[in-house]
Amino acid sequence: MIIRSETIVPESTPPMFSAGEVPSVTPAQRGGQEIEGDFPLDQIVVDQFPPGTQVHSCDHYGTSAWTGTARIITTLSNGEPKLYFLKCAQEAQGKTLLEAEFNSMVELYRTSPTFVPEPYAWGKLSVSHPTTYYFLCEFIDMSDKNPDPVQLATKLVQLHKASNSPTGMFGFHIDTCQGSLPQRTAWNPSWVDFYIQLVRGAMALNKEKNGNWENLEQLVDRLITHVVPQVLGPLEADGRVIKPTLIHGNLWDGNIGTSLENGEIYIFDASVYYAHHEMEIAMWRARFCKTLSAKVYLNSYLSRMGVSKPVEQFEDRNRIYSVYMTLHESACHNGSTFRDECYENLNYLINKYAPLDEKCS
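Residues numbered from 1 in each chain as written. Predicted model: local features only at pLDDT ≥ 70, side-chain atom pairs only at ≥ 80, totals over all residues. Heavy atoms only, no water.

A tally of regular secondary structure across the protein chain gives eight helices and 14 strands. Looking at the protein chain as a whole, 58% of its 361 residues qualify as buried. Of the contacts made within the protein chain by residues no fewer than 6 positions apart, 67% connect residues no fewer than 24 positions apart. (Helix = DSSP H or I, 4+ residues; strand = E, 2+ residues; numbered from the N terminus. Buried < 20%, exposed > 50% of the residue type's maximum accessible area, 1.4 Å probe, protein only. Contact = heavy atoms within 4.5 Å.)

Okay, here's the thing in structure tokens:
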């Protein structure tokens, strides 16, 4: 799998797991032979492979914002070559990140197995200082060419339509991580209340990481109390029902690849939860989405999935969903990349639905 990064990383943001860094483990062995490569492989990971597997090498592969990544080359007992992709991350944050990713990928694979690499395992390595965790999945050799809009839209719509919330509610059974930080994804029967839950969580993280931004709390509070009821409330008014739909949750350019073997599109680095399906595509309006911001992707998706009623409020819903995305990403990246965009969307929505005496910029 070609991994670029889970999300855009300003240079000032230190990764949890530095490039070139490897867990300090005792190299595993198989059949009395040492495993080659520049990324030491823990026996705990090797034990996840099918019996009789020959492990040849484990090397650094790709780049990742928050983890150390490697490709493992093996041969199965029947002589078939098999490649694995490994991520490692440290301490409590690494545990949260990789547990969330494993559960996210399992949920996606269960619903749409041809759309994601197969997840195999996650857990704690034998490393004690620092404590290190791993996530193991199928390796798919991918290109970073622009994904075909029709294939991406078709597979995404299939995922959204086939998914069914196990509780009938919005959320997920654990808090997943968009970027490096957890989202508040506890189950909630109301989409409006769940969205507010997400935004309050992102606001708390942003304040913790970035301090007090000028008038941000005032703007977010006004969004919740005055704008959300007018923009999201109609989705569940007049007998309308919003289906809780499984979304990838962090579907930007860097988390999509095209298989070099069969031309199929795959998505990865997921942070899933069950949501209004339009939440999935809100990230595409963000400035860091250089490819997916092209109208052909949005139009290809909407022509197959449809637009929720009231249709005339789609653009404002897309913008309000983007507020959450940029607010959370600002917490992940010290605000430097997403601050202006966050204020821009907040000001637009508040000026339209609940004007203040003066704007904040």
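Don't stop here, the text continues.
Note that an α-helix has 3.6 residues per turn; residues three or four places apart therefore point the same way. For helix H6 (residues 295–305), the complete set of buried residues consists of Tyr-297, Leu-298, Ser-300, Tyr-301, Leu-302 and Met-305. Contacts from the buried residues of H6 go to helix H3 (149–162) and helix H7 (314–332).

Of the two faces of strand E12 (residues 256–259), the one lined by Ile-256 and Thr-258 and the one lined by Gly-257 and Ser-259 are each fully buried. Examined bridge by bridge, strand E8 (residues 142–143) and E12 share two bridges and lie antiparallel to one another. Along E12, the bridge assignment pairs Met-142 with Ser-259. Note that E12 and strand E13 (residues 265–267) share three bridges and pair antiparallel. Directly across from Gly-257, in E13, lies its bridge partner Tyr-266. Linking E12 to E13, which pair antiparallel, is a turn of five residues; within it Gly-263 sits at a positive phi near 75 degrees. (Pairing = 2+ DSSP bridges.)

With their axes 8 Å apart at the nearest point, helix H4 (residues 191–210) and H7 run at an angle of 30 degrees to one another. Between H4 and H7, the interaxial angle falls into the category roughly parallel. Between H4 and H7 lies a crossing of left-handed hand. Only Ile-320, Tyr-321, Val-323, Tyr-324, Leu-327, His-328, Ser-330 and Ala-331 of H7 make contact with H4, whose side of the interface consists of Trp-191, Tyr-195, Leu-198, Val-199, Ala-202, Met-203, Leu-205, Asn-206, Lys-209 and Asn-210. When the residues that make up the contact of H4 with H7 are grouped by side-chain class, the tally is 13 nonpolar, four polar and one charged. (Axes fitted to C-alpha atoms, helices over the stretch in contact; angles between N-to-C directions. Parallel < 35°, antiparallel > 145°, perpendicular 65-115°, else oblique. Left-handed = near helix turned anticlockwise from the far one by under 90°. Nonpolar A, V, L, I, M, F, W, Y, C, P; charged D, E, K, R; others polar.)

In this section: helix H5 (residues 216–231). An ideal rise of 1.5 Å per residue puts 22 Å on 16 residues; H5 reaches only 20 Å between its terminal C-alpha atoms. Maximal helix bending in H5 amounts to about 40 degrees, located at Ile-224. The set of residues buried in H5 consists of Leu-216, Leu-219, Val-220, Leu-223, Ile-224, Val-227, Val-228 and Val-231. Where H5 is buried, its residues contact H4, H7 and helix H8 (339–353). (Expected span 1.5 Å × (residues − 1). Bend = angle between axes of the 7 residues up to and from the residue.)

The next point concerns the nonpolar core. Grouped together as the largest cluster of nonpolar side chains are 86 residues, with contacts concentrated most on Tyr-195, Leu-232, Tyr-273, Met-279 and Ile-320. Considering every element that reaches this core, the biggest residue donor is H4, with nine residues. Here this core spans two domains, since at least three of its residues come from each of domain 1 (29–139) and domain 2 (149–354). Once residues within four sequence positions are removed from consideration, Leu-232 is found in contact with Trp-191, Val-192, Tyr-195, Arg-317, Ile-320 and Tyr-321. By size, the runner-up hydrophobic cluster in this structure holds 19 residues, among which are Ala-70, Cys-88, Leu-125 and Tyr-134. (Core = buried A, V, L, I, M, F, W, Y, C linked by side-chain atoms within 4.5 Å. Domains from an automatic or database assignment.)

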